[in-house]
Amino acid sequence: MTVRLYDTMSRAVKEFVPIEEGKAGLYCCGPTVYNFAHIGNLRTFIFEDLLHRTLVKAGYSLTHVMNITDVGHLTGDGDDGEDKMEKSARESGRSVWDIAEYYTKAFFDDEKDLNIIRPDIVCKATDHINDMIEIIKKLEEGGHTYISGGNVYFSIDTIDDYGKLAKLNLDDLKEGARIEVDSNKRNPKDFVLWFTNSKFKDQAMQWPSPWGTGYPGWHIECSAMSSRYLGSHFDIHCGGIDAIPVHHTNEIAQSEAAFDQKPWVNYWCHGEFLLNDKGKMSKSSGEFLTLSLLKEKGYDALDYRYFCLGGHYRSQLKFSFESLDQARSARQTLMRRLAECSRAKADGISEGARHYLDAFYEAMFNDLKAPQALAALWSMMRDSSIPDGEKWLAALEMDSILGLSLEKAQEKEEPQEADSEALSLLEQRSEAKKAKNYALADEIRSRLASMGYKVVDTPKGATLEKL
Ligand code: AMP
Ligand code: ZN
């Protein structure tokens with residue numbers, strides 16, 4: 001079955017045709033490790049994981065590359081503001097290197113909890129400074145750069161199609177020039193390739209370069225690392241939609257100019273935002289939710305993964321704890337049903353279950369329609385004509401893309417919320433009996449009965465039976 005993907009550049013869903021038959025090269029912009037990832041960031045990485053799993057299922061030999069941004073990402077998109085890493089280090093009194101190491105580890109802990117497959121290559125920007133310098137040299141040779149105020153800039157007027165990904169209207173941008181803060185720029189949309197003249201003279205991360213000691217701009221790092229591992233022309237580039245107007249636009253400009261390769265990337269795939277009450281969840285607003293916080297509140301990380309699967313990656317998704325509760329309850333019901341199915345045996349999958357598997361693949365292979373894919377799984381679970389053993393086998397096959405660790409249903413049934421409440425009441429009844437408060441013990445027995453449980457007193461203590 002062919003995979004179809006929405007390509008932001010052409011604004012259309014297109015059949016995925018790889019550059020090299022049977023292979024797929026995927027580059028995903030990774031986290032900026034100056035703070036914990038928020039659950040909005042993690043939504044984007046879950047979407048990329050679905051793409052990874054779908055491409056592998058479709059039979060491609062995949063090379064998935066993700067960078068770690070540990071230098072160069074400024075607080076402002078227009079080369080203004082401070083390096084996010086340096087700011088975090090200054091505010092916390094730790095070194096930038098410590099900060100990078102700490103938050104990189106926290107990020108991969110989150111990814112593991114969310115059952116996100118680790119990309120084949122994870123690379124740090126600070127390990128690829130020479131690759132970046134080499135590309136900047138090529139751009140300089142090609143006449144695409146200028147030095148102003150000590151920094152090296154990319155001149156967007158040296159190419160004729162700047163802004164094509166975002167369909168930017170350059171005349172409008174000129175209008176916006178009045179608010180531009182960097183007076184070194186010839187065109188307000190020019191961007192920094194190499195900073196030698198930082199406002200922050202005591203910048204900890206600095207490297208020698210032909211243009212003086214300094215540090216790279218943010219955009220050049222992704223051009224350098226993607227080309228190092230995937231070559232100067234590759235299949236798919238991913239990120240969140242906020243990367244379209246500046247970061248990915250600038251990556252395209254400098255890469256196509258340096259590598260003399262158009263298009264540089266064949267498919268651009270972008271994940272939509274996770275929203276909270278105030279709009280886009282963001283780190284800079286200071287109000288954001290982390291996976292650790294959800295776990296502290298008693299959720300399983302996979303409840304959040306399930307919640308994300310309930311929305312298509314190209315639609316905005318509004319987060320609320322009510323919706324997360326619904327996701328948790330649906331996932332727990334699914335695990336309980338699968339635990340029952342896992343006890344039945346089947347030799348294989350017959351036509352009935354195959355029909356649902358086909359519907360599942362049809363949804364996932366057609367632009368990663370996870371909500372429809374989940375619906376196919378649920379329809380199968382509800383179909384009484386499908387033997388339980390086959391449901392179990394088909395669900396496990398679907399899980400190679402869903403990544404919900406459904407195989408764990410076999411090991412233990414997830415307790416129902418009602419069960420845990422009932423167990424705690426049973427405990428309270430034992431305490432009441434010990435304290436000879438028989439009136440309270442009887443009252444608790446009646447409450448349990450109203451919840452559908454019978455208390456059975458045994459020599460080893462009281463247990464519950466479903467009425
Ligand atoms: P950062 O760590 O800030 O570089 O962001 C990591 C990824 O998360 C990038 O691909 C962003 O585009 C993406 N992202 C940022 N905010 C959100 C959000 N609210 N919802 C979904 N993805 C986001
Ligand atoms: Zn990037």
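About the criteria used
Residues numbered from 1 in each chain as written. Chains lettered and ligands numbered in written order. Predicted model: local features only at pLDDT ≥ 70, side-chain atom pairs only at ≥ 80, totals over all residues. Heavy atoms only, no water. Helix = DSSP H or I, 4+ residues; strand = E, 2+ residues; numbered from the N terminus. Expected span 1.5 Å × (residues − 1). Buried < 20%, exposed > 50% of the residue type's maximum accessible area, 1.4 Å probe, protein only. Donors = N, O, S within 2.8 Å, 3.2 Å for Na, K, Ca; no water. Salt bridge = Lys/Arg side-chain N within 4 Å of Asp/Glu carboxyl O. Pairing = 2+ DSSP bridges. Axes fitted to C-alpha atoms, helices over the stretch in contact; angles between N-to-C directions. Near = heavy atom within 4 Å. Polar contact = N/O pair within 3.5 Å; in protein donor to acceptor, adjacent residues only side chain to side chain. Areas by Shrake-Rupley, 256 points an atom, 1.4 Å probe, with all protein chains shown as cover. Domains from an automatic or database assignment. Buried area = accessible area lost by both parts, 1.4 Å probe. Nonpolar A, V, L, I, M, F, W, Y, C, P; charged D, E, K, R; others polar. Contact = heavy atoms within 4.5 Å.

Things to note about helix H4 (residues 129-141)
In this model H4 runs 19 Å from its N-terminal to its C-terminal C-alpha over 13 residues, within 8% of the 18 Å that 1.5 Å per residue would give. For H4, the full list of buried residues reads Ile129, Asp131, Met132, Ile133, Ile135, Ile136 and Leu139. One or two positions beyond H4, positive phi appears at Gly143, with a value near 75°.

A word on the coordination of the zinc ion (ligand 2)
Distances from the zinc ion (ligand 2) to its protein donors, Cys29 (SG), Cys222 (SG) and His247 (NE2), fall at 2.1 to 2.2 Å. Coordination of the zinc ion (ligand 2) draws on donor residues from a single chain, spaced C-x192-C-x24-H in sequence. Here the residue Cys29 occupies a position in the loop between strand S3 (23-28) and helix H1 (39-57), and Cys222 occupies one in helix H6 (residues 218-230), the gap between them amounting to 193 residues.

Some words on the pattern of salt bridges
When their charged atoms lie close together, side chains carrying opposite charge are able to pair. Taken as a whole and assessed by the stated rule, the structure comprises 25 salt bridges. One salt bridge in this structure joins Lys105 and Asp109, with 2.9 Å as the shortest N-O distance. With Lys105 and Asp109 both in helix H3 (residues 96-113), this residue pair falls four residues apart, about one helical turn. With a relative accessible area of 38%, Asp109 lands in the partly exposed category. Close ionic contact of Arg228 with Asp131 constitutes a salt bridge, the shortest N to O distance being 2.7 Å.

Some remarks on the pairing of strand S2 (residues 12-15)
Judged from the four bridges that link them, strand S1 (residues 4-7) and S2 form a sheet pairing that is antiparallel. Counterpart to Arg4 in the pairing with S2 is Glu15. Between S1 and S2, which pair antiparallel and follow one another directly, the connecting turn spans four residues, one of which, Arg11, has a positive phi of 55°.

A short note on the sheet that holds S3
Spatial ordering of the open sheet is given by S5-S4-S3-S10-S11, a layout of five strands whose pairing is parallel. On the outer flanks of this sheet lie strand S5 (121-124) and strand S11 (265-271), each paired with one strand and no other. Adjacent strand axes in the sheet meet at a mean angle of 20° when their direction is disregarded. Alignment of strand S10 (residues 234-240) against S11, held across six bridges, turns out to be parallel. Residue Phe234 lies in a different strand from S11, and its bridge partner there is Val265.

What about the site of ligand 1?
Around ligand 1, 18 residues are found, and the nearest of them are Thr32, Thr44, Asp242, Leu274 and Met281. A distance of 3.1 Å is found between a nitrogen atom of ligand 1 and a backbone nitrogen or oxygen belonging to Gly40. The backbone of Gly240 places a nitrogen or oxygen atom 3.1 Å from an oxygen atom of ligand 1. Compared with its free state, where it exposes 500 Å², ligand 1 has 92% of that area covered by protein. Elements that contribute at least two residues to the shell around ligand 1 include exactly H1 and S10.

Focus: the domain arrangement of the chain
Segmentation of the chain into domains returns domain 1 (26-271), domain 2 (275-411) and domain 3 (420-466). Computed over C-alpha atoms, the centres of domain 1 and domain 2 are 32 Å apart. Of the roughly 2,700 Å² buried between domain 1 and domain 2 on both sides combined, carbon and sulfur atoms contribute 63%. Remark: the boundary between domain 1 and domain 2 carries three salt bridges. The shortest N-O distance in the salt bridge between Asp242 and Lys280 comes to 3.5 Å. Scanning the region where domain 1 abuts domain 2 turns up 14 residue pairs in polar contact (both at pLDDT 80 or more). Of all elements in the fold, only H1, H3 and S11 reach the threshold of two or more residues within the side of domain 1 that touches domain 2. When residues in the side of domain 1 that touches domain 2 are grouped by element, the largest group, 13 residues, is from H1. Tallied by class, residues from the side of domain 1 that touches domain 2 come to 12 nonpolar, nine polar and seven charged.

With respect to the sheet that holds strand S9 (residues 215-216)
A sheet is described by the order of its strands in space; here four strands give the open sequence S6-S7-S8-S9, paired in antiparallel fashion. Pairing within the sheet leaves two strands with one partner each, and these edge strands are strand S6 (145-148) and S9. Note: S6 against strand S7 (residues 151-154), four bridges, orientation antiparallel. Residue Thr145 lies in a different strand from S7, and its bridge partner there is Phe154. With respect to the sheet, H4 is in contact with S6, S7, strand S8 (191-195) and S9, its orientation differing from that of S8 by roughly 125°.

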